[in-house]
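# Structural features, examined
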Amino acid sequence: MEDRKVFMNRRSILDELFEINHIRTIYHMFIAALFLFIFSTLAVDYIDQGRLVLEFDLLSYAFGKLSTVLWAWLLMFSYTLAGPYHVLGTWGGRYHSSRFKGVLTAGAGLVLAAMQTCILGVFPIYTVIHHQLPPASRFIIILEQIRFLMKSYSFIRENVPEVIHKTKQGNTGISPRLPTFSSYLYFLFCPTLIYRESYPRNPYIRWNYVGVTFAQILGCLFYAYFILVRLCIPVFVNENSQPFSTRTLVLALFHSTLPGTRAAESPCCSSPFSQDWWNSTSFANYYRTWNVVVHDWLYSYAYQDFLWLSRRKSRTAAMLSVFVVSAVVHEYVFTVCFGFFYPVMFCLFAVIGVVFNFTLNDKRKSPVWNIIMWICLFIGQGIQVCLYCQEWYAQKHCPPTGKSVWELVIPRSWSCSYQR
């Protein structure tokens, strides 16, 4: 029998940690660093331009064309709200009395698959490419595309077996109970990817907590912005003026390690739906605790379903399937949002991630392994920042000639060199 995710009402680990003065001081240090970035930017602008300015040109560019993002999101949300729910309701209402249950199920599945492919598959990609959306706006649409696909899949995956099971055991004259529309609507906004008819909820909305959380999100956004502008762009903007070499790559990598880590791993950026991943002594535990929401979905619908299909004969293959799914999705997101193919994320997840998962496993308990894990995380973040920044500017400095299909799959930064 498969393990079923059980939701319990509990406080965020970060909320509990921030009640400790020593931990909260670390959080305050990152807030102070954000203000230092702001002050340094003001100082540099005053020296260069003789006036105090705080411009966010890069931020406004990255989040450009938000009106297009809004109507595209509304269309995806409206379909996700109405499409899967009505297909399930129509199929579930007729399944118990149908003489051709297999034909009915196949027909409903084909209709749903066609709608999912058109509206949650092709439409978002067409929108970001046709309207030439900037990177951050692309990330909004593509990440929401994936979220809606995962939510709708969970909704169907959790309810179809229930309808079939109740129909087999129940009275054929009584229709099985289908999910209510209100429960599905709440699920689309609930911070989980696993559908349940109900979840543990607080008796009232803590508006102060909502306000503080929203302020933290804005703080994280500006934190990442200042790190990118002050520490990353100056390193890479003119790097393609030099021929590509091992020396330039290694220097750029170590220049990127600290900025990448500070942007991605700062306490204010930690997910409230994670566990104490920072204490992990193994990558196996880190993968389970870093993003619990996504891990639960992968565990339930990739790992467990693979075990069920293989009759629990290959746990290793099931684990590999999770890494492959995760790697493909991450690579898809970065390829579409950046507008070029550079399989950094795929290699980090499907190759290095798999090796670390099996070598740095749960048998590693010594604190030394926590140090090793953090070193690997630092280097991994540096690799991402370094290679993607290099390729971004190489795409700008050396546009494609259109003479070869290999230009689409070979990183431009490997050969790009221009004269300033």
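See above for the structure.
Read on for a plain summary of the structure. (Residues numbered from 1 in each chain as written. Predicted model: local features only at pLDDT ≥ 70, side-chain atom pairs only at ≥ 80, totals over all residues. Heavy atoms only, no water.)

## Examining the overall build of the protein
Each helix and strand counted, the protein has 14 helices and zero strands in total. In the protein, the succession of helices and strands from N to C terminus is α-α-α-α-α-α-α-α-α-α-α-α-α-α. Across the 420 residues in the protein, those meeting the buried criterion constitute 40%. Put simply, 74% of the contacts in the protein that link residues at least 6 apart link residues at least 24 apart. A total of about 23900 Å² of accessible surface is found on the protein, and carbon and sulfur atoms cover 67% of it. (Helix = DSSP H or I, 4+ residues; strand = E, 2+ residues; numbered from the N terminus. Buried < 20%, exposed > 50% of the residue type's maximum accessible area, 1.4 Å probe, protein only. Contact = heavy atoms within 4.5 Å. Areas by Shrake-Rupley, 256 points an atom, 1.4 Å probe, with all protein chains shown as cover.)

## As for a nonpolar patch on the surface
A surface patch of nonpolar side chains, amounting to about 750 Å² of accessible area, comprises Phe341, Val405, Trp406, Leu408, Val409, Ile410 and Trp414. For Phe341, the position within the fold is in the loop between helix H12 (315-338) and helix H13 (344-359). (Patch = residues over 30% accessible without salt bridge, like charges linked within 9 Å, V, L, I, M, F, W, Y side chains within 5 Å. Salt bridge = Lys/Arg side-chain N within 4 Å of Asp/Glu carboxyl O.)

## Structural notes on the packing of aromatic side chains
Tallied over the full model, the rule gives 38 aromatic pairs. Both rings, one in Trp73 and one in Phe148, keep their centres 6.2 Å apart while their planes meet at 45 degrees; by these two values the pair is tilted. Taken as a pair, Trp73 in helix H4 (residues 66-95) and Phe148 in helix H6 (residues 135-169) lie far apart in primary sequence, 75 residues in all. We classify Phe148 as buried; its relative accessible area is 0%. Between Tyr153 and Tyr301, the ring centres sit 5.6 Å apart and the planes meet at 75 degrees, which makes this aromatic pair edge-to-face. In this pair, Tyr153 is assigned in helix H6 and Tyr301 in helix H11 (residues 292-309), connecting sequence segments 148 residues apart. Residue classification places Tyr153 among the partly exposed positions, given a relative accessible area of 37%. Relative accessible area serves as the criterion here: at 7%, Tyr301 is assigned to the buried category. Joined through ring pairs, the aromatic side chains of Trp277, Trp278, Phe283, Tyr286, Tyr287, Trp290, Phe323, Phe356, Trp374 and Phe378 make up one cluster. Between Lys151 and the ring centre of Phe187, over which it is positioned, the NZ or CZ distance is 4.6 Å. (Phe/Tyr/Trp six-rings, centres within 6.5 Å; stacked < 30°, edge-to-face > 60°. Lys NZ or Arg CZ within 6 Å of the ring centre and 35° of its normal.)

## Focus on unusual backbone geometry
At Lys65, a residue that is not glycine, the phi angle is positive and equals roughly 55 degrees. Phi is positive for Gln132, close to 50 degrees, though the residue is something other than glycine. Take Gln132: it is sitting in the loop between helix H5 (101-130) and H6.

## Quick notes on the packing of helix H8 (residues 207-236) against helix H14 (residues 367-397)
Where H8 meets H14, the closest approach of the two axes is 9 Å, and the angle between their N-to-C directions is 55 degrees. The angle between the axes of H8 and H14 places the two elements in the oblique class. Handedness of the H8/H14 crossing: right-handed. Residues Cys232, Ile233 and Phe236 of H8 form the contact with H14, whose participating residues are Val385, Cys386, Cys389, Gln390 and Tyr393. Across the contact of H8 with H14, the residue classes tally to seven nonpolar, one polar and no charged. (Axes fitted to C-alpha atoms, helices over the stretch in contact; angles between N-to-C directions. Parallel < 35°, antiparallel > 145°, perpendicular 65-115°, else oblique. Left-handed = near helix turned anticlockwise from the far one by under 90°. Nonpolar A, V, L, I, M, F, W, Y, C, P; charged D, E, K, R; others polar.)

## Some details on helix H7 (residues 181-189)
Looking only at H7, the buried set comprises Ser183, Tyr184, Phe187 and Leu188. Along the long axis of H7, the arc covered by the buried residues comes to 140 degrees, so they all point the same way. Across H7 from its buried face, at more than 90 degrees, point the exposed residues Ser182 and Phe189. (Arc of directions from axis to C-beta.)

## Some thoughts on the side chain of Gln145
Relative to the assigned elements, Gln145 resides in helix H6. What makes Gln145 buried here is its relative accessible area of 3%. Each residue touching Gln145, except ones within four places of it in the same chain, is listed here: Met76, Leu120, Gly121, Pro124, Ile125 and Tyr332.

## Remarks on the pattern of salt bridges
Inspection of the entire model under this criterion finds three salt bridges. Residue Arg157 is joined to Asp305 by a salt bridge in which the shortest nitrogen-to-oxygen separation is 2.9 Å. Here Arg157, found in helix H6, pairs with Asp305, found in helix H11; they are 148 residues apart in sequence, far enough to count as distant.

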